[in-house]
Amino acid sequence: MAKYISMVLLVVMLVVLVSMLCDAQNDNSNNNNRNNNRRVRQRGRTRERGNTNDSDETSQPQRTPRPPRTSRPSSGLSGRSRPSRPSRPNAGGSRGNRRRGGGGNRRRQPHASCEEIYLPMCKGLVPYTHTKLPNRFNHTTQTEVYRVLEHMWAHMDHSCSRNLRLMVCSLYLPKCHGRGRGLEPCRRTCMTARRKCGRPLREMLGVTWNERYSCANLTNRRCLRPVRDTPCQHQYPTCVQNNVLPVCGNLTFTWGTVPNMFQQCDAQEINTEVQYYDALRATNCHQHINFLLCGVYSPFCVRDEMPFTFPCRELCEEIRTACEPHYLRLYHNLPWPNKLQCHRYPSTETQGYNCVMPNEGRNLMGGK
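Bear in mind that the values here come from a model prediction, so they are computed numbers and not experimental data.

1. Quick word on the overall build of the chain
The number of helices and strands found in the chain is 11 helices and seven strands. The burial tally for the chain puts 34% of its 368 residues in the buried class. Sequence-distant contacts in the chain: of pairs separated by 6 or more residues, those separated by 24 or more amount to 69%. In the structure as shown, the chain presents an accessible area of about 24,500 Å², 49% of it carried by carbon and sulfur atoms.

Put into structure tokens, the structure is as follows:
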């Protein structure tokens with residue numbers, strides 16, 4: 001009896017659930033029908049309004065259009081005309097530039113163009129040929145950069161690391177790269193130069209790295225990476241044949257000193273820097289210009305006990321007087337090179353230092 005009653009209750013519950021579902025579906029269908037009827041009535045009303053408006057417009061007389069005004073010039077905007085205003089200076093650029101964030105007194109700077117490097121301490125000695133100015137120090141010309149780099153030239157020539165020259169040159173003459181700013185040295189490049197050159201510069205030249213150079217403001221993204229260094233084969237000044245330098249050919253002195261007075265050790269690097277003066281040599285401004293360049297970049301060896309023997313100051317001054325006007329004309333009005341400043345070299349009257357003249361090599365070591 002109890003089973004029979006439970007079965008009856010289950011059937012009743014099922015019937016109730018089915019009826020509820022059916023009612024819900026009927027309600028949804030009724031709502032949809034009501035919404036459709038409303039949409040149909042609204043469409044009919046809008047059509048009736050449109051017909052009445054058309055009938056009203058056709059019943060009204062048409063107005064004659066006004067003749068165009070010719071007394072006021074058009075402002076360039078469609079549908080309107082306004083009187084012209086007096087012109088005034090454009091302080092903030094065009095309206096389009098102001099919308100793009102160029103308003104106020106700011107003007108959009110043109111893209112800086114690339115230019116070939118012509119400074120002697122960087123030209124041909126770094127792995128790129130063109131730069132883009134201004135740099136981070138707001139130098140806009142290479143002449144301005146030269147005024148700064150000529151005081152660092154002795155540091156850059158040191159054979160402790162090639163990355164020292166790369167760091168200084170790319171910091172002041174950023175590598176031209178696309179339309180953006182030039183590429184500066186990576187922080188790794190600066191740290192490599194510091195690790196290898198910090199102590200030699202301090203001991204030999206009295207240069208403190210943190211006072212002269214800083215790696216803190218450099219990044220390791222979109223920059224010039226460090227290059228591989230080749231150690232110098234001669235730790236101390238040594239007499240070697242200077243015929244590896246073409247400028248030293250056909251001279252009475254056939255032996256030179258490595259490293260030279262600028263601590264340059266790589267013969268290829270020295271020859272690259274000497275080639276900078278090829279245009280000056282081609283002018284034949286002085287017959288002994290090759291003797292001066294050879295004696296500066298590869299100081300002559302006079303006997304074994306005197307590896308550093310330079311051209312005499314008197315000859316240097318004579319060559320400068322004859323060649324400096326050509327140098328200014330050929331090298332973008334740069335001043336006479338710092339390495340060829342004649343006060344650096346001994347004169348015939350200097351005590352304790354010897355200098356030589358072009359024809360004296362026949363009687364000395366390696367003479368012809």
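Still more ground to cover, so stick around.
2. With respect to the state of the cysteines
Going through the model one piece at a time under the given rule, you end up with 11 disulfides. Note that Cys114 is cross-linked by a disulfide to Cys176, the S-S spacing being 1.5 Å. Of the two residues, Cys114 is situated in the loop between helix H2 (95-102) and strand E1 (115-116) and Cys176 in the loop between helix H5 (162-172) and helix H6 (187-205); the sequence distance between them amounts to 62 residues. Overall, the relative accessible area of 16% leaves Cys176 in the buried class. Each sulfur of the disulfide joining Cys190 and Cys215 lies 1.9 Å from the other. Where Cys190 bonds to Cys215 through sulfur, the torsion about that S-S bond is close to -75°, and the disulfide is left-handed. On the criterion of sequence distance, the pair formed by Cys190 in helix H6 and Cys215 in the loop between helix H7 (209-212) and strand E3 (238-241) is long-range, its members being 25 residues apart. The pair Cys190 / Cys215 is uniform in exposure class, with both members buried.

3. Things to note about the nonpolar core
Counting 68 residues, the largest nonpolar core has Leu119, Leu149, Leu164, Val168, Trp209, Tyr277 and Leu280 as its most contacted members. Those elements giving two or more residues to this core turn out to be helix H3 (142-149), helix H4 (153-156), H5, H6, helix H8 (267-275), helix H10 (289-297), strand E5 (300-302) and helix H11 (313-330). Ignoring any residue separated from it by four or fewer positions in sequence, one finds Trp209 in contact with Leu164, Met167, Cys190, Ala193, Arg194, Cys197, Gly198, Leu201 and Cys215.

4. With respect to the packing of aromatic side chains
Evaluated as defined, the whole model comprises 13 aromatic pairs. When the centroid spacing of 4.5 Å and the interplanar angle of 20° are considered together, the rings of Phe137 and Tyr172 count as stacked. Taken together, the positions of Phe137 in the loop between strand E2 (130-131) and H3 and Tyr172 in helix H5 put the pair 35 residues apart, joining distant regions of the chain. Given the relative accessible area of 10%, Tyr172 is considered buried. Here the aromatic cluster, defined as three or more aromatic residues joined through ring pairs, consists of Phe262, Tyr276, Tyr277, Tyr297, Tyr327, Tyr331 and Trp336.

5. Side note on the side chain of Asn338
Looking at the secondary structure, you find Asn338 in the loop between H11 and strand E7 (355-356). Polar contacts involving the side chain of Asn338 include one to the main-chain carbonyl oxygen of Glu150, which spans 3.2 Å. Not counting residues within four places of it along the chain, the set of residues in contact with Asn338 comprises Tyr146, Glu150, Trp153 and Arg344.

6. Considering the pattern of salt bridges
The tally for this structure, following the rule as stated, stands at 10 salt bridges. The partner of Arg136 in a salt bridge is Glu184, with the nearest N and O atoms 2.7 Å apart. Of this pair, Arg136 sits in the loop between E2 and H3 while Glu184 is found in the loop between H5 and H6, placing the two residues 48 residues apart along the sequence. Among the residues examined, Glu184 registers a relative accessible area of 14% and is labelled buried. For Asp157, the salt bridge goes to Lys339, with nearest N and O atoms at 2.5 Å. Taken as a pair, Asp157 in the loop between H4 and H5 and Lys339 in the loop between H11 and E7 lie far apart in primary sequence, 182 residues in all. The same class applies to Asp157 as to Lys339, namely buried. Sharing partners across several salt bridges, the network here consists of Asp157, Arg165, Glu269, Glu273 and Lys339.

7. Some details on the environment of Phe253
By secondary structure assignment, the location of Phe253 is in the loop between E3 and strand E4 (255-258). For Phe253, a relative accessible area of 0% corresponds to the buried category. Taking C-alpha positions, Phe253 is 8.8 Å from Asn359, a pair spaced 106 residues apart along the chain.

8. Here we look at unusual backbone geometry
Residue Pro134 is reached from Leu133 by a cis peptide bond, and omega for that bond is 10°. Looking at where Pro134 falls in the secondary structure, it is placed in the loop between E2 and H3. In the segment running from Val258 into Pro259, the intervening peptide bond is cis, with an omega of -10°. Along the polypeptide, Pro259 turns up in the loop between E4 and H8.

9. Observations regarding the side chain of Asp229
With respect to the helices and strands, the residue Asp229 is situated in the loop between H7 and E3. Within the local environment of Asp229, its side chain forms a polar contact with the side chain of Ser161, the two groups lying 2.8 Å apart. Side chain to side chain, Asp229 and Lys196 meet in a polar contact 2.8 Å long.

10. Description of H10
Counting buried positions over the nine residues of H10 gives eight, a clear majority of the element. What H10 keeps buried is the set Ile289, Phe291, Leu292, Leu293, Cys294, Gly295, Val296 and Tyr297. Against H8, helix H9 (278-282), E5, strand E6 (306-311), H11 and E7 lie the buried residues of H10.

Conventions and cut-offs
Residues numbered from 1 in each chain as written. Predicted model: local features only at pLDDT ≥ 70, side-chain atom pairs only at ≥ 80, totals over all residues. Heavy atoms only, no water. Helix = DSSP H or I, 4+ residues; strand = E, 2+ residues; numbered from the N terminus. Buried < 20%, exposed > 50% of the residue type's maximum accessible area, 1.4 Å probe, protein only. Contact = heavy atoms within 4.5 Å. Areas by Shrake-Rupley, 256 points an atom, 1.4 Å probe, with all protein chains shown as cover. Disulfide = S-S within 2.5 Å. Core = buried A, V, L, I, M, F, W, Y, C linked by side-chain atoms within 4.5 Å. Phe/Tyr/Trp six-rings, centres within 6.5 Å; stacked < 30°, edge-to-face > 60°. Polar contact = N/O pair within 3.5 Å; in protein donor to acceptor, adjacent residues only side chain to side chain. Salt bridge = Lys/Arg side-chain N within 4 Å of Asp/Glu carboxyl O.

Function cannot be inferred from these measures alone, as they are strictly geometric.
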